[in-house]
Amino acid sequence: MVSALENGVRGGRWYSLMDKVYAPATLAAAWARVRANRGAAGVDGQSIERFAARSEDYLAELSTALRSGLYRPQAVRRVAIPKGDGRTRPLGIPVVKDRIVQTAVKLVIEPIFEATFHPTSYGFRPGRGCRAALAEVDGLIAEGYSFVVDADLESYFDSIPHERLMERVETRISDGGVLDLIRGWLGQEVLLGLERWTPTGGTPQGAVISPLLANIYLHPLDEHLAARGYRMVRYADDFVVLCESREAAEAALALIRAWTVENGLRLHPDKTHLGDCRQQGQGFDFLGYRFEAGHRFVRKKSLARLRDRIRAKTRRTRGQSLARIIADLNPVLQGWFGYFKHAHPYTFERLDKFVRRRLRAVLRKQQKRPGLGRSLADHRRWPNAFFAQAGLFALHAAWHDARHSR
């Protein structure tokens with residue numbers, strides 16, 4: 001894509017981009033991605049299905065509006081998403097048409113910024129992701145970088161300064177139409193129930209363009225630390241800096257504190273830590289895992305979320321056959337294991353026992369017998385082999401097979 005845009009670049013800044021955004025092929029590709037991601041309707045109530053019924057007409061209208069400069073984004077519908085710890089996080093839901101235009105702009109400008117992004121950044125980037133970030137952390141710890149700064153940017157997506165963000169976008173983009181689109185999205189009104197307001201900072205969580213803008217804003221931090229020899233691994237606003245000594249880690253933390261203040265951000269005082277992850281009690285959490293004392297564990301919040309999902313699918317009052325419950329449960333267990341298979345094996349044994357106990361309680365209920373499936377008689381009536389024969393996915397057995405297939 002970058003090579004296709006070369007004709008519109010002068011001095012490292014791209015000028016002629018808007019025609020690529022409203023090109024029918026770009027909007028069609030953007031619509032395909034939005035449709036695949038599905039998602040709820042925005043403030044206009046238009047669902048993915050309703051848009052699909054007249055997608056060709058709507059895409060043509062969008063192209064015309066973008067070309068003529070008449071396109072205006074609608075307000076963002078905000079909802080509160082439970083976080084599992086009793087709190088919620090805000091999620092913005094743009095209308096379908098705005099999601100398509102944001103995706104089209106992302107398709108055009110993302111390759112421009114990707115060409116300059118630092119390899120220490122893994123979040124929301126093509127061909128990169130959590131597994132690669134975790135592997136990098138593992139490798140650095142094995143090399144002796146065990147003193148870790150675990151940094152947490154407080155309310156990052158809600159606090160990015162708009163003008164400073166636009167200055168960073170403008171270091172690469174000079175097409176006025178594209179810049180106006182981005183400014184329009186940053187200033188979209190937000191609707192929450194009967195409340196309505198215009199944000200003065202941040203990028204809306206849930207907007208297609210937000211992760212790219214968030215990476216653009218933190219790119220100078222990546223360069224700032226790399227230029228001084230620090231080994232950072234960043235996934236969006238979640239990052240760790242791994243050092244060979246406590247003194248180096250303390251210096252890195254001081255640099256990060258100074259940079260965040262200068263750039264209008266704030267480190268969370270209770271969630272930013274420094275320690276030697278080889279020592280018990282000095283580990284750190286990163287991307288769902290807990291790194292501590294030479295092992296990877298599953299973070300407590302990640303375990304709690306899985307247990308909640310298991311409970312929801314194994315209610316004693318569910319009233320369905322064991323086969324149907326297992327068929328519903330297995331994809332959850334398999335998907336979870338696919339990500340957490342590098343955790344300490346005792347986690348899998350405990351979870352297997354938890355799942356089987358829940359299923360024994362279901363079977364007792366179906367026989368109109370009270371109880372929670374904990375008794376020795378229940379274990380004899382429905383032994384582990386019984387659930388294996390029924391097709392239940394066993395986490396520890398999967399871990400054992402994966403370990404011996406290497």
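Residues numbered from 1 in each chain as written. Predicted model: local features only at pLDDT ≥ 70, side-chain atom pairs only at ≥ 80, totals over all residues. Heavy atoms only, no water.

Q: Just to check I follow, could you spell out helix α11 (residues 246-262) for this structure?
A: Given 3.6 residues per helical turn, the α-helix brings residues three or four places apart onto the same face. Taking 1.5 Å of rise per residue, the 17 residues of α11 would be expected to cover 24 Å, and the 24 Å separating its terminal C-alpha atoms lies within 8% of that figure. The inward-facing, buried residues of α11 contact β5 (147-152), α8 (162-170), α10 (210-226), β9 (238-243) and β10 (273-276). Phi turns positive, to about 75°, at G264, one or two residues after α11. (Helix = DSSP H or I, 4+ residues; strand = E, 2+ residues; numbered from the N terminus. Expected span 1.5 Å × (residues − 1). Contact = heavy atoms within 4.5 Å.)

Q: Any chance you could explain the sheet that holds strand β3 (residues 76-82) here in plain terms?
A: Strands pair in a sheet through their backbones, by hydrogen bonds, and they do so in one of two ways: parallel or antiparallel. Taken together, 4 strands build an open sheet; the order of strands is β4-β3-β6-β7 and the sheet is mixed. Since the sheet does not close on itself, it has two edges, and those belong to β4 (88-93) and β7 (195-197), each with one partner. Put simply, the sheet's adjacent strands are angled 30° from each other on average, direction ignored. Across 6 bridges, the pairing between β3 and β4 is antiparallel. (Pairing = 2+ DSSP bridges. Axes fitted to C-alpha atoms, helices over the stretch in contact; angles between N-to-C directions.)

Q: Would you mind going over the pattern of salt bridges with me for this structure?
A: Opposite charge on two side chains allows them to pair when their charged atoms are near. Counted according to the given criterion, the structure contains 19 salt bridges. Between D138 and R296 there is a salt bridge, and its shortest N-O distance comes to 2.4 Å. Of this pair, D138 sits in helix α6 (residues 130-142) while R296 sits in strand β13 (residues 295-298), placing them 158 residues apart in sequence. Among the residues examined, R296 registers a relative accessible area of 10% and is labelled buried. One salt bridge in this structure joins R364 and D378, with 2.8 Å as the shortest N-O distance. (Salt bridge = Lys/Arg side-chain N within 4 Å of Asp/Glu carboxyl O. Buried < 20%, exposed > 50% of the residue type's maximum accessible area, 1.4 Å probe, protein only.)

Q: Looking at this structure, I do not really get the packing of helix α12 (residues 300-313) against helix α14 (residues 346-366). What am I missing?
A: Axis angle and axis distance: for two packed helices, these are the angle between their axes and the distance between the axes, and together they describe the pair. Orientation of α12 relative to α14, taken along the N-to-C sense of each, is 20°, at an axis distance of 11 Å. Between α12 and α14, the interaxial angle falls into the category roughly parallel. Handedness of the α12/α14 crossing: right-handed. Contacts between α12 and α14 involve L303, L306, R307, I310 and R311 from the first element and T347, L351, F354, V355 and R358 from the second. Per-class residue counts for the contact of α12 with α14 are 6 nonpolar, 1 polar and 3 charged. (Parallel < 35°, antiparallel > 145°, perpendicular 65-115°, else oblique. Left-handed = near helix turned anticlockwise from the far one by under 90°. Nonpolar A, V, L, I, M, F, W, Y, C, P; charged D, E, K, R; others polar.)

Q: What is the right way to look at the pairing of β5 in this model?
A: Strand residues, when the strand is regular, have side chains that alternate between the two faces of the sheet. Of all 6 residues making up β5, 5 are buried, and the element is well covered by its neighbours. Bridging between β5 and β10 involves 4 bridges; their strand directions are antiparallel. Within β10, the residue paired with D150 across the bridge is H273.

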